[in-house]
Amino acid sequence: MTRFLRPLAALAVFLITNSQLLIGEARAQAPKTYTSSEILLGLKKLNVLGSVLYIAAHPDDENTRLIAYLANERLLETGYLSLTRGDGGQNLIGPELREGLGVIRTQELLAARRTDGGRQFFTRANDFGFSKTSDETFRIWDKEQVLADMVWVIRQRRPDVLIARFPPDARAGHGHHAASAILAAEAFDAAGDPKRFPEQLQYVQAWQPKRLFWNTGSFFVKPGEDMAGYLKLDAGGYNPLLGQSYGEIAARSRSNHRSQGFGSAAQRGEALEYFQLVKGAPASNGLFDGVDLTWNRVPGGAAVGKLIEEVIRKYDASNPSASVAGLLKVRELLFEADAGRLWTPNKWQATETLIRACLGLRAEAVALDSKAVTDLSTKDGKLPRSLIVCEIVKSSGVLLKLEKMVAYADLDATDVVNINNRLSVSTTYGIDLLNNKKFIDTLRIQESFTNNLASQPYWLRDVSTNGMYKVAEQMNRGYPENEAVAKVGISLTLYSKKDRKYKESLYFIIPVQYKHTDPVLGELYQPLVVVPPVAVNLPAARAYVFADAQPKTVPVTLKAGRAGVAGTLALTLPPGWTSTPASQSFALAAKDAEQTVEFRVQPGPSAAPGKAELRAAATVDGQAYSRGIQQIIYPHIPTQTLFPEAVAPLVKLELKRKGQQVAYLMGAGDEVPDALRQLGYTVTLVEPQDLTAPNLKQYDALVVGVRAYNTVERLKTQQPEILKYIEQGGNVIVQYVVNRGTVLPEIGPYPMTLSRDRVTVEDAPVTLSNHPLLQSPNKITAQDFQGWVQEQGLYYPSKWDPKYQTVISSADPGEPATQGAILVADYGKGHYIYTGLSLFRELPAGVPGAFRLLANMVSYGK
């Protein structure tokens, strides 16, 4: 095989087995550049053939110090398999919950892995919220599907060792945690059994890991338990090539979990990790006891290992390009070794990356617009094509010629023939790349985009259940995010300096991205996003509440994905409901233009009480579009774009209220103010400095947002003013506060002890007292606690002063009842209410009883 054809042949093998790992650059990130010490670390890692997979339930469950140690000290391929994306957690940095929070936490995990050197994987399991037992977890998850996904990742990555974070019992502290340990043991056995999940074997081979450990520690063992029998290692070492200890790397990695408030301090010095063998061969000399981590484990691999050792020995940190010739020989030998292709694809990719790093080769493809529209013929019959600018810089003296470049979309990465066909119609250059001189050219993506959901996170494209996401394509399962919607293939030739006769071919693929310069944050990259011709947006997280037959205005905002979009917009309503008008026409002349269309919606006499939903859809050229566009923008992750269905809850209920003016202090972020407005209240968002007794006197109630006493530092100084407001006749409602990290010891007028107590079963039966809060202005009954979503409540107080009055009690199955969901205290002339009920979830979901409870709380004492 000629040197020119070998790169494409290896690329074919790599694509077929690892299609989503093709792109050398991290998606939505600046092209990676490497220091000399990072290149040396990569060379050393090239000569280690070993893999480890860490397994837990959620983002932030992982041991970042151990991952950093295994990836950068032991030089192993180190992965973290998180069974969920953390969709059911709380959000410390904004209002996003459920799917939006899962997208944020996915990106936070990817940022963590870029920091500590690991790789990230997931299953289809949906984080449905806190679970107290693994039995409950498995009633909601499809256990066999989650197990299949774990086996899929194991068979793809072929780890020698699995490490579970949690024990399989109540010590894990969470049903998801215990379930992850139970499933890790089952996956250990199933991955090597060709009779289990045989449908996977058309893509991968069965693989049996050597052993499974539990990464235990003092927080799991019983007091006084002897840990002498456990394996242990010191993961607190220092890496001179990275200039950091693994504790320092771990702190930076863990601090990426900003939505969970997990900023961490760096640790230095000894850090012992303990391991208990769960399954597999006994080990007395370490995790990889008896595992050959050299190229000798591969038939014909000894020569590869020796050649890599030579490249390392001759490596010149002041001239990395001198190692290119040796790495090209390594690439050549990779064809002769590993006939079963168990290691070649990954090591081939690593070798190619190191060659480009030693060449000082930096390439990026930037779209001129952040959005590309799906294929829809324009009036002149031409189809839109996206323009991109490609920039290549070579920072070395090696002779390198740019041969071809091609930009394309919607490529099936396993279709190698298609790749060759694309190259055959690519732009041909045949020019030398000069040292430290930019080469820039503009390309046009060859194809139109044809999939309206190409940029929707792949696990959100189909309707999910409470416990599982639906992912039809086997090759998508396990991966953290979508592939780039467009890519650029670059073909180069490397020449000998002496006579230009000796040559080697290089071929690599980079993602097409969009970048811009923020005046504060500097240069930012984000994914190129494919949008439909028109997006249909309803107000986010809003339920429309009707306590009478009066109409309400429903605004629908249309956004053009391209110029010249016109059509009609209509609402779909349940029986008995009407909208005026029934439909409306629209015309958007410019790309990104917006138009808000308003409908007056009202229930008729025959409209059923309770919760229903409305849907909005635009029709353009005979095709319906019923999804909006939502951007999630935070400085620590790339901008994320979702395309939610244009649907909103409709709630018809009997409801009365008292008072009118409500002050709302935002905490970590929630959508409760909009729910109050739906009830007819006038809501003012107040700042902490506005919390003075004279200023608050104008309001009928002050509602404090979720986790405000964890996040609003100024409440330390304003708390006396809040108490004075209550004392003078005010009404204060405080929503849940996390029991750790409060800004002051007491959040109420009398002592209470916050805890992690909660009722996780959302439809758990509720026992109601005769407390006045439940009697007026709305009579609260057990029916008001039906149809709740996720958790009934969380962070209930476990102890409280006798001056607090309890209102309701409930319990998870098999547990004693707790009365801490609502506590009411009279203080002076006013009233204080603490509630751990998950109103922040129930109200946006349109749960009727949650609105009636909220109205009673705001109206209390009037």
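Residues numbered from 1 in each chain as written. Predicted model: local features only at pLDDT ≥ 70, side-chain atom pairs only at ≥ 80, totals over all residues. Heavy atoms only, no water.

Engineer: Teacher, can you tell me more about the side chain of E62 here?
Structural biologist: On the secondary structure map, E62 appears in the loop between β1 (51-56) and α3 (64-72). Polar side-chain contacts of E62 include one of 3.2 Å to the side chain of H257. Excluding residues that lie within four positions of it along the chain, E62 makes contacts with Y54, I67, Y80, L109, A112, R113, R254 and H257. (Helix = DSSP H or I, 4+ residues; strand = E, 2+ residues; numbered from the N terminus. Polar contact = N/O pair within 3.5 Å; in protein donor to acceptor, adjacent residues only side chain to side chain. Contact = heavy atoms within 4.5 Å.)

Engineer: Sorry, what's going on with helix α18 (residues 848-859) here?
Structural biologist: Along an α-helix, a turn takes 3.6 residues, which lines up residues three or four apart on a common side. Taking 1.5 Å per residue as the helical rise, α18 with its twelve residues ought to reach 16 Å, and the 17 Å between its terminal C-alpha atoms agrees with that figure. The buried fraction of α18 is high, at twelve of twelve residues. Those residues of α18 that sit buried are P848, G849, A850, F851, R852, L853, L854, A855, N856, M857, V858 and S859. A positive backbone phi angle near 85° is found at G861, which sits one or two residues after α18. (Expected span 1.5 Å × (residues − 1). Buried < 20%, exposed > 50% of the residue type's maximum accessible area, 1.4 Å probe, protein only.)

Engineer: What's the story with the packing of helix α10 (residues 324-333) against helix α11 (residues 344-359) in this structure? I'm lost.
Structural biologist: Each pair of packed helices can be described by the angle between their axes along with the distance between the axes. In contact at an axis separation of 10 Å, α10 and α11 are set at 165° when each is read in the N-to-C sense. In this view, α10 runs roughly antiparallel relative to α11, as classed from their interaxial angle. Crossing hand, α10 versus α11: left-handed. Between α10 and α11, the contacting residues are V324, L327, L328, V330 and R331 on the first element and W348, T351, E352, L354, I355, C358 and L359 on the second. Classifying every residue of the contact of α10 with α11 gives nine nonpolar, one polar and two charged. (Axes fitted to C-alpha atoms, helices over the stretch in contact; angles between N-to-C directions. Parallel < 35°, antiparallel > 145°, perpendicular 65-115°, else oblique. Left-handed = near helix turned anticlockwise from the far one by under 90°. Nonpolar A, V, L, I, M, F, W, Y, C, P; charged D, E, K, R; others polar.)

Engineer: In this structure, what is going on with the environment of N695? I would like to understand it.
Structural biologist: Mapped onto the fold, N695 is located in helix α14 (residues 693-696). A sequence separation of 26 residues divides N695 from E721, and the C-alpha atoms of the two residues are 9.8 Å apart.

Engineer: Is there a simple way to explain the pattern of salt bridges in this structure?
Structural biologist: Pairing between side chains becomes possible if they bear opposite charge and their charged atoms approach one another. This model, assessed by the stated rule, comprises 37 salt bridges. With a closest N to O distance of 3.9 Å, K559 and E594 form a salt bridge. Highlighted residues: K559 in strand β22 (residues 552-560) and E594 in strand β26 (residues 594-603), separated in sequence by 35 residues. On the accessibility criterion, K559 (23% relative accessible area) is partly exposed. Judged by its relative accessible area of 53%, E594 is exposed. Each of R362, E364, E391, K515 and E523 takes part in one network of salt bridges that share partners. (Salt bridge = Lys/Arg side-chain N within 4 Å of Asp/Glu carboxyl O.)

Engineer: Would you explain helix α7 (residues 175-190) in this entry?
Structural biologist: Its 16 residues place the ends of α7 22 Å apart at the C-alpha level, agreeing with the 22 Å of an ideal helix rising 1.5 Å per residue. Judged by how many residues are buried, α7 sits mostly within the fold: 13 of 16 residues are covered.

Engineer: I keep staring at the nonpolar core and nothing clicks. Help me out?
Structural biologist: As a rule of thumb, soluble globular proteins bury nonpolar side chains together. Within the largest apolar cluster, 82 residues are counted, with the highest numbers of intra-cluster contacts made by L676, L702, Y709, I822, Y834 and L837. Residue contributions to this core peak at seven residues, all from α18. The next biggest cluster of nonpolar side chains, apart from the first, holds 59 residues, and it includes I388, C390, F449 and V512. (Core = buried A, V, L, I, M, F, W, Y, C linked by side-chain atoms within 4.5 Å.)

Engineer: Can you walk me through the sheet that holds strand β9 (residues 272-280) in this structure?
Structural biologist: Hydrogen bonding along the main chain pairs the strands of a sheet, whether they run parallel or antiparallel. One open sheet accounts for seven strands, arranged β3-β2-β1-β4-β5-β9-β6; its pairing is mixed. At either end of the open sheet lies a strand with only one pairing partner, and these are β3 (119-122) and β6 (231-234). In this sheet, neighbouring strand axes are inclined to one another by 30° on average, regardless of whether the strands run parallel or antiparallel. Bridge count between strand β2 (residues 77-82) and β3: four bridges; the pairing is parallel. The residue bridging Y80 from the neighbouring strand is Q120, located in β3. Where helix α4 (residues 98-116) meets the sheet, its contacts fall on β2 and β3, and the angle it forms with β3 comes to roughly 150°. (Pairing = 2+ DSSP bridges.)

Engineer: Is there a simple way to explain the sheet that holds β26 in this structure?
Structural biologist: Reading across from one edge, β20-β22-β26-β24 is the order of the four strands in this open sheet, with antiparallel pairing throughout. Edge positions in the sheet fall to β20 (534-537) and β24 (577-580), since each of these pairs with one other strand and no more. Looking at each pair of strands side by side, their axes are set apart by 30° on average, direction ignored. Note that β22 and β26 share eight bridges and pair antiparallel. In the strand pairing of β26, T553 is matched with R600.

Engineer: I'm lost on the packing of aromatic side chains in this one. Help?
Structural biologist: Each pair of aromatic rings is reported with the distance of its centres and the angle of its planes. Using the criterion set out here, one finds 13 aromatic pairs in the structure. Ring centres of Y69 and Y246 lie 5.9 Å apart, and the angle between their planes is 90°; this geometry places the pair in the edge-to-face category. With a gap of 177 residues between them, Y69 in helix α3 and Y246 in helix α8 (residues 246-254) connect regions that are remote in the sequence. Relative to Y827, the ring of Y750 has its centre 5.7 Å away and its plane inclined at 75°; by these criteria the two rings are edge-to-face. Here Y750 is found in the loop between β35 (731-734) and β36 (752-759), whereas its partner Y827 is found in strand β41 (residues 822-827), with 77 residues between them in sequence. You'll find Y750 and Y827 in the same group, each marked buried. Stacked on the ring of F122, the Lys or Arg R85 has its end atom at 4.1 Å from the ring centre. The ring of Y681 has R657 sitting right over it, with the charged end atom 4.9 Å from the ring centre. (Phe/Tyr/Trp six-rings, centres within 6.5 Å; stacked < 30°, edge-to-face > 60°. Lys NZ or Arg CZ within 6 Å of the ring centre and 35° of its normal.)

Engineer: Explain the environment of V683 to me, please; I cannot follow it from the model alone.
Structural biologist: Residue position: V683 is located in strand β33 (residues 682-686). For the pair V683 and K487, spaced 196 residues apart in the sequence, the C-alpha separation amounts to 48 Å. Every residue in contact with V683, bar those within four places of it in the chain, is listed here: V662, Y664, P673, L676 and R677.

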